[in-house]
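Chain by chain, the residues run as shown.
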Amino acid sequence: MTVAGVLSLLALWESSYRTPIMAACVVLTLLFFVLEIHRDRLSILFAGISAFHRSFPQEKNADVFRQVETEYCYLGIGFTTVMNIFRAWYETERKGNVRIRLLLTDPDCTEALEFQARYEHGMFKPDLSPEERKLLDDTARRGRDSIVLALDLLATLPSLSSAVEVRFHREKIRKWVHFINGNLLYVGVLRSGESGLNSPVM
């Protein structure tokens, strides 16, 4: 039975409780719709997630690195967007016993790079025009070049008490992750059709 049907029956009910009960039904209905609209946000609150950022400017990565005490891990496509902030932290603020591990997309995995290009542009149709094909190829090439650039920059870091461990994956990922001290996660959710710089972060 619909809400309207329930209210119609209550309207026929001769009782002093009729008006309060009808009001309660309306309030509960409105509350249900509000909860439904904000279901994703509420699920975040009950999942042990302490914060949600609609966007995560590159400058916020400095706050991430300042929290590193014993271990820093990163999962993503490339690392160039945070490289300058990472380098400044590594050379001036990093503790000597911090273990650093990066898991980046294999720059030779053309399938993963093309997926990322398609995902960034929201372009998954099988038949592409020459212009669309060129756009995807250029985006994939830029993705590969950015990974190679990050590797070159990492190689110039002073190898003090701990080196940066770099490994590669060949997955079609839709997120990036900072994992700090074994107990703190920052997860950026990549949106289809948008640049990763506009990712919401939990």
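On a predicted model such as this, the values are computed, not experimentally measured, just so you know. Residue positions within a chain follow its written sequence, with the count starting from 1. In keeping with the model being predicted, local features are shown solely for residues with a pLDDT of at least 70 and side-chain atom pairs are shown and tallied solely at 80 or more, while totals for entire chains, interfaces and linings include all residues. The basis for the side-chain values is all heavy atoms of the structure; hydrogens and waters are excluded.

Here's the deal with the packing of aromatic side chains
So, point 1. For this analysis, a ring pair means two rings from Phe, Tyr or Trp (six-membered ring only for Trp) whose centres lie within 6.5 Å, classed as stacked if their planes differ by under 30 degrees, edge-to-face if by over 60, and tilted for the remaining angles. Across all of its chains, the model carries 11 aromatic pairs by this definition.
So, point 2. The interplanar angle of 70° and the centroid separation of 6.3 Å between the aromatic rings of Tyr119 and Phe124 together place this pair among those described as edge-to-face.
So, point 3. For each residue, the accessible area found with a 1.4 Å probe, counting protein chains only, is set against the maximum for its type, and the residue is called buried under 20%, exposed over 50%, and partly exposed in between. What makes Tyr119 buried here is its relative accessible area of 12%.
So, point 4. Among the residues examined, Phe124 registers a relative accessible area of 44% and is labelled partly exposed.
So, point 5. Geometrically, a charge over a ring is one whose NZ (Lys) or CZ (Arg) sits within 6 Å of the ring centre while staying within 35 degrees of the ring normal. Of note, Arg94 hangs over the ring of Tyr90, and the distance from its end group to the ring centre comes to 4.0 Å.

Thoughts on the nonpolar core
So, point 1. Counting residues in each nonpolar core, the largest one holds 25 residues, and the members touching the most others are Tyr72, Tyr74, Phe79, Phe86, Trp89, Ile100 and Leu102.
So, point 2. Where this core is concerned, the elements lending two or more residues are helix 4 (61–66), strand 1 (71–75), helix 5 (80–92), strand 2 (99–105), helix 6 (110–121), helix 7 (130–155) and strand 4 (175–180).
So, point 3. Helical segments are the DSSP runs of H or I of at least four residues, strand segments are the runs of E of at least two, and each set is numbered from the N terminus. By residue number, the principal contributor to this core is helix 5, which donates five residues.
So, point 4. Ignoring anything within four residues of it in the chain, the contact list for Phe79 reads Tyr72, Tyr74, Phe86, Leu102, Leu104 and Ala150.
So, point 5. The next biggest cluster of nonpolar side chains, apart from the first, holds six residues, and it includes Leu113, Met123, Leu136 and Ile147. Side-chain atoms within 4.5 Å are what join buried Ala, Val, Leu, Ile, Met, Phe, Trp, Tyr and Cys residues into a set we call a nonpolar core. Here, residues are in contact when the closest pair of their heavy atoms is within 4.5 Å.

Observations concerning the sheet that holds strand 1
So, point 1. Should DSSP find at least two bridges between two strands, the strands are regarded as paired. Strand order in this open sheet of five strands is 3-2-1-4-5, and the pairing throughout is mixed. Single-partner strands in this sheet number two, and they are strand 3 (164–169) and strand 5 (184–189). The average undirected angle you get between the axes of adjacent strands in this sheet is 10°.
So, point 2. Bridge analysis of strand 4 against strand 5 gives six bridges, and the strand direction is antiparallel. By the bridge assignment for strand 5, Val177 is matched with Val187.
So, point 3. To obtain each axis, a line is fitted to C-alpha atoms, and for helices this fit is confined to the stretch in contact; angles are then taken between N-to-C directions over 0 to 180 degrees. Against the sheet, helix 7 makes contact with strand 2 and strand 3, and its axis sits at roughly 160° relative to strand 3, the strand it touches most.

A short note on the pattern of salt bridges
So, point 1. By definition here, a salt bridge exists when the distance from a side-chain nitrogen of Lys or Arg to a carboxyl oxygen of Asp or Glu is within 4 Å. All chains considered together, the criterion is met by 14 salt bridges.
So, point 2. The partner of Asp106 in a salt bridge is Arg170, with the nearest N and O atoms 2.8 Å apart. Placement of Asp106 in the loop between strand 2 and helix 6 and of Arg170 in the loop between strand 3 and strand 4 is noted, with a sequence separation of 64 residues between them.
So, point 3. For Asp138, the salt bridge identified is with Lys134, shortest N-O distance 2.8 Å. Linking Asp138 with Lys134, this pair stays in helix 7, spanning four residues, or about one helical turn.
So, point 4. A cluster of three or more residues bridged by salt bridges with shared partners is formed by Glu114, Arg118, Arg133 and Asp137.

Some thoughts on the side chain of Arg118
So, point 1. As for its placement among the helices and strands, Arg118 is situated in helix 6.
So, point 2. Residues in contact with Arg118, not counting those within four places in the same chain, are Met123, Phe124, Lys125, Leu128, Arg133 and Leu136.

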